[in-house]
Amino acid sequence: ITDKNGNTLDNSAKVGTGCKVTDQNGDTYTVIVNGDIDGTGEVNATDYLYIKKVFLEEATLENEYLTAADTNGDGEINSTDYLQIKNYFLGQFDLYA
């Protein structure tokens, strides 16, 4: 498993959006953690603040980070995604239920 920069992860490191997992056959997969738009392996204040910027069109996301930000899976970043990440961060919504 490597991080988003291609560095091998330590056994105790969190696996987050953008990490690459290579199986025993040599096939590589990109990890997407719903709501984890900064690739840290957890949904925290950084994700909440970043999706707010994306929602306000002050920032953009691409590839797996865009997919991770689209928490409701409708193909666009909108108020629902923003509120789901915000409420998850505040402990009022479960992104994974």
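Residues numbered from 1 in each chain as written. Predicted model: local features only at pLDDT ≥ 70, side-chain atom pairs only at ≥ 80, totals over all residues. Heavy atoms only, no water.

Undergrad: Please clarify how the nonpolar core should be interpreted in this entry.
TA: Generally speaking, nonpolar side chains in soluble globular proteins are found buried as a group. Formed by 14 residues in total, the largest nonpolar core has its most connected members in Ile37, Ile51, Val54, Leu61, Ala69, Ile77 and Ile85. Elements supplying a minimum of two residues to this core: helix 1 (45-55), helix 2 (63-69) and helix 3 (79-89). With residues near it in sequence (within four places) discarded, Val54 still touches Ala59, Thr60, Leu61 and Ile77. (Core = buried A, V, L, I, M, F, W, Y, C linked by side-chain atoms within 4.5 Å. Buried < 20%, exposed > 50% of the residue type's maximum accessible area, 1.4 Å probe, protein only. Helix = DSSP H or I, 4+ residues; strand = E, 2+ residues; numbered from the N terminus. Contact = heavy atoms within 4.5 Å.)

Undergrad: How do you make sense of the pattern of salt bridges when you look at a structure like this?
TA: When charged atoms on two side chains of opposite charge get close, those side chains can pair. This model, assessed by the stated rule, comprises one salt bridge. For Lys14, the salt bridge goes to Glu42, with nearest N and O atoms at 2.7 Å. Within this pair, whereas Lys14 is found in the segment before strand 1 (20-22), its partner Glu42 is found in the loop between strand 2 (28-30) and helix 1, the two being separated by 28 residues in sequence. (Salt bridge = Lys/Arg side-chain N within 4 Å of Asp/Glu carboxyl O.)

Undergrad: Please clarify how the packing of aromatic side chains should be interpreted in this entry.
TA: Describing an aromatic ring pair means giving the distance of the ring centres and the angle of the ring planes. The tally for this structure, following the rule as stated, stands at four aromatic pairs. Taken together, a centroid distance of 5.8 Å and an interplanar angle of 25 degrees make the contact between Tyr48 and Tyr82 stacked. Within this pair, whereas Tyr48 is found in helix 1, its partner Tyr82 is found in helix 3, the two being separated by 34 residues in sequence. What makes Tyr82 buried here is its relative accessible area of 13%. Ring geometry for Tyr88 and Tyr96: centres 5.6 Å apart, planes at 85 degrees, overall edge-to-face. By relative accessible area, Tyr96 is classed as partly exposed at 43%. (Phe/Tyr/Trp six-rings, centres within 6.5 Å; stacked < 30°, edge-to-face > 60°.)

Honestly, that's just the spatial picture; any functional story needs more than this.
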